[in-house]
Amino acid sequence: MVFDAKGCLSLFERLLAADSTTGQYEAVQKVVTDLLDEWGVAYDLVHKGGVIARLGEGGDPVAVTAHLDDIGLMVRHVNADGTLNVCPVGGLYPFYCVGENVRVYTRDGKVFTGSVCRTPNSIHVTEEELRDTPGDFRKNVCVVLDEAVSSAEETRAIGIDTGDIIALEPRFHFSNGYIKSRFVDDKASAAVLLQVLRELSKCNCPPQRKVYFYFAVYEEIGHGTTVLPADVKDMIAVDIAPTGPEQNSDERKVSIFSKDSRFPYHWGLTNELRQAAIEAGVDYVMDIFTPHYGTDCDGSILAGHDIRHAAIGPGTLNSHGYERTHIDGLKNTYDLLMAYLNR
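Residues numbered from 1 in each chain as written. Predicted model: local features only at pLDDT ≥ 70, side-chain atom pairs only at ≥ 80, totals over all residues. Heavy atoms only, no water.

(A) Representation of the sheet that holds strand β6 (residues 101-105) within the structure. Here we have 6 strands rolled up into a closed barrel, ordered β4-β5-β8-β7-β6-β9, and antiparallel in their pairing. Sheet twist, expressed as the mean angle between neighbouring strand axes with direction ignored, is 40°. Where strand β5 (residues 84-89) lies against strand β8 (residues 141-145), 2 bridges are found, and the strand directions are antiparallel. Looking across to β8, one finds that L84 is bridged to V143. (Pairing = 2+ DSSP bridges. Helix = DSSP H or I, 4+ residues; strand = E, 2+ residues; numbered from the N terminus. Axes fitted to C-alpha atoms, helices over the stretch in contact; angles between N-to-C directions.)

Following this line, the structure appears as structure tokens:
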């Protein structure tokens, strides 16, 4: 079952096309369920949001998860001049989104466009203030709407108010093997997981154990997979492996996580993944991610599930910003999952 780079990128783009700031899951969930219906794969919907597909029988059931939710913004209040004061949903920082185009989703189903701006916003008028003052969502960063509004009353009159969700443009670009986009975390991993599921579902050699493919929608705020099927014994999160100083992770490789900011991953399950990578000739590295990183496995452990847990994923630059990985990193992640699930 050879990795289909073109097919994986197509799945990634389909997921990116559905805005899914954490809490706004219906559109991206439908993308996944439409694919599962097309492939004839059985699945259940999680009551709070999320999809759990099923393949295989027997053995100790394993859940393999990737998350569909993205970091983004929410309207905190409407400013006197009609712009929007915003707060982050998930770990989004002002310096990583100022200048970005956005879509504002109201609770009445309307959608408006705009952009994230500094206030004041002209280098020609207030150079010193812009240069010397860090961006702060509470003080000097806002969303400017592409609407003829100049007061709070006018903005509220078109239907925008506190609590509306704001999604950032993904800006997908593929060049020379490199994938640049917002939300590589974690829609690229979800695309890999979908491709694994598709290939296993159509072959004549399904996994020798029951496999749950869990597409979660609340990972960015910590409770994506706190609900698990009762018979799950092992769990593998597929998520990005941030690169940086003193990190082993590489965009063209898959990382096997040893530890994150909360605690070490299960020694035995992590060793099984490492051995599967060695036997299959997968280009992998071991890495540790502290002090600001976690996966959905952590939420499941903290919820009290008696499971072994591990995590893998492609090396990724600029985490929670305009991210970058490489198609080889996705291939190696796919190859490791296939090697492990077919052991």
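(B) Spatial organisation of the packing of aromatic side chains. Within this structure, the stated rule accounts for 9 aromatic pairs. Plain terms: the ring middles of F257 and Y265 are 6.2 Å apart, the flat faces sit at 75° to each other, and that makes the pair edge-to-face. You'll find F257 and Y265 in the same group, each marked buried. Taken together, the ring pairs connect F257, Y265, F289 and Y293 into an aromatic cluster. The ring of Y322 has R171 lying over it, and the distance from NZ or CZ to the ring centre is 4.1 Å. (Phe/Tyr/Trp six-rings, centres within 6.5 Å; stacked < 30°, edge-to-face > 60°. Buried < 20%, exposed > 50% of the residue type's maximum accessible area, 1.4 Å probe, protein only. Lys NZ or Arg CZ within 6 Å of the ring centre and 35° of its normal.)

(C) Summary view of unusual backbone geometry. Here T119 and P120 are connected by a cis peptide whose omega angle stands at -5°. Structurally, the position occupied by P120 is in the loop between β7 (111-118) and α3 (127-132). The linkage connecting D185 with the following residue, D186, adopts the cis geometry, with an omega of 10°. Mapped onto the secondary structure, D186 falls in helix α5 (residues 184-202). Positive phi, close to 65°, is recorded for E246, a residue that is not glycine. Note that E246 resides in the loop between β14 (241-242) and β15 (254-259). Among the residues examined, E246 registers a relative accessible area of 82% and is labelled exposed.

(D) Broad picture of the side chain of H326. Its location among the elements puts H326 in strand β18 (residues 323-326). Judged by relative accessible area, which is 4%, H326 ranks as buried. Leave out the neighbours within four places in its chain, and H326 touches N176, G177, Y178, I179, E251 and R252. (Contact = heavy atoms within 4.5 Å.)

(E) Just the nonpolar core, in detail. Counting residues in each nonpolar core, the largest one holds 100 residues, and the members touching the most others are L84, F213 and F215. In terms of residue count, α5 provides more of this core than any other element does, 10 residues in total. Not counting chain neighbours up to four residues away, the residues in contact with F213 comprise V51, I52, A53, L55, V64, L193, V196, L197, L200 and L341. (Core = buried A, V, L, I, M, F, W, Y, C linked by side-chain atoms within 4.5 Å.)

(F) Looking closely at the sheet that holds strand β10 (residues 173-175). With antiparallel pairing, the 3 strands of this open sheet are ordered in space as β10-β11-β18. Taken across any chain shown, the strands that pair with only one partner, and hence form the sheet edges, are β10 and β18. Between one strand axis and the next, the sheet turns through 20° on average, direction left out of account. Summarising the sheet, strand β11 (residues 178-181) and β18 pair through 4 bridges and their orientation is antiparallel. When the sheet's bridge partners are listed, S181 is paired in β18 with E323.

(G) Seen up close, the pattern of salt bridges. Summed over all chains, the structure comprises 20 salt bridges. D328 is paired through a salt bridge with R252; the nearest N and O atoms lie 2.7 Å apart. Of the two residues, D328 is situated in helix α8 (residues 327-341) and R252 in the loop between β14 and β15; the sequence distance between them amounts to 76 residues. On the basis of relative accessibility, which here comes to 23%, the residue D328 falls in the partly exposed class. Linking R262 and D298 is a salt bridge whose minimum nitrogen-to-oxygen distance equals 2.8 Å. Of this pair, R262 sits in the loop between β15 and α6 (267-280) while D298 sits in helix α7 (residues 296-302); the two residues are 36 residues apart in sequence, bridging distant segments of the chain. Look at D298 and you get buried, because its relative accessible area is 0%. (Salt bridge = Lys/Arg side-chain N within 4 Å of Asp/Glu carboxyl O.)

(H) Structural context of helix α1 (residues 5-16). Along its 12 residues, α1 runs 16 Å from first to last C-alpha, staying within 8% of the 16 Å computed at 1.5 Å per residue. Those residues of α1 not exposed but buried are G7, C8, L9, L11, F12, L15 and L16. Against α2 (26-39), β10, β11, α5 and α8 lie the buried residues of α1. One side-chain oxygen at the N-terminal end of α1 lies 3.4 Å from the backbone nitrogen of K6; it belongs to D4. (Expected span 1.5 Å × (residues − 1). Polar contact = N/O pair within 3.5 Å; in protein donor to acceptor, adjacent residues only side chain to side chain.)

(I) Structural context of the pairing of strand β3 (residues 62-67). Counting buried positions along β3 gives 6 out of 6 residues, so the element sits mostly inside the fold. Covered by surrounding structure in β3 are V62, V64 and A66 together with A63, T65 and H67, the residues of both alternating faces. As judged from the 6 bridges shared by β3 and strand β12 (residues 211-216), these two strands associate in the parallel manner. Note on β12: the bridge partner recorded for A66 is F215. In the sheet, β3 pairs with strand β13 (residues 234-238) via 4 bridges, with the strands oriented parallel. Considered in β13, the bridge of T65 is made with A237.

Structural measurements only, silent on function.
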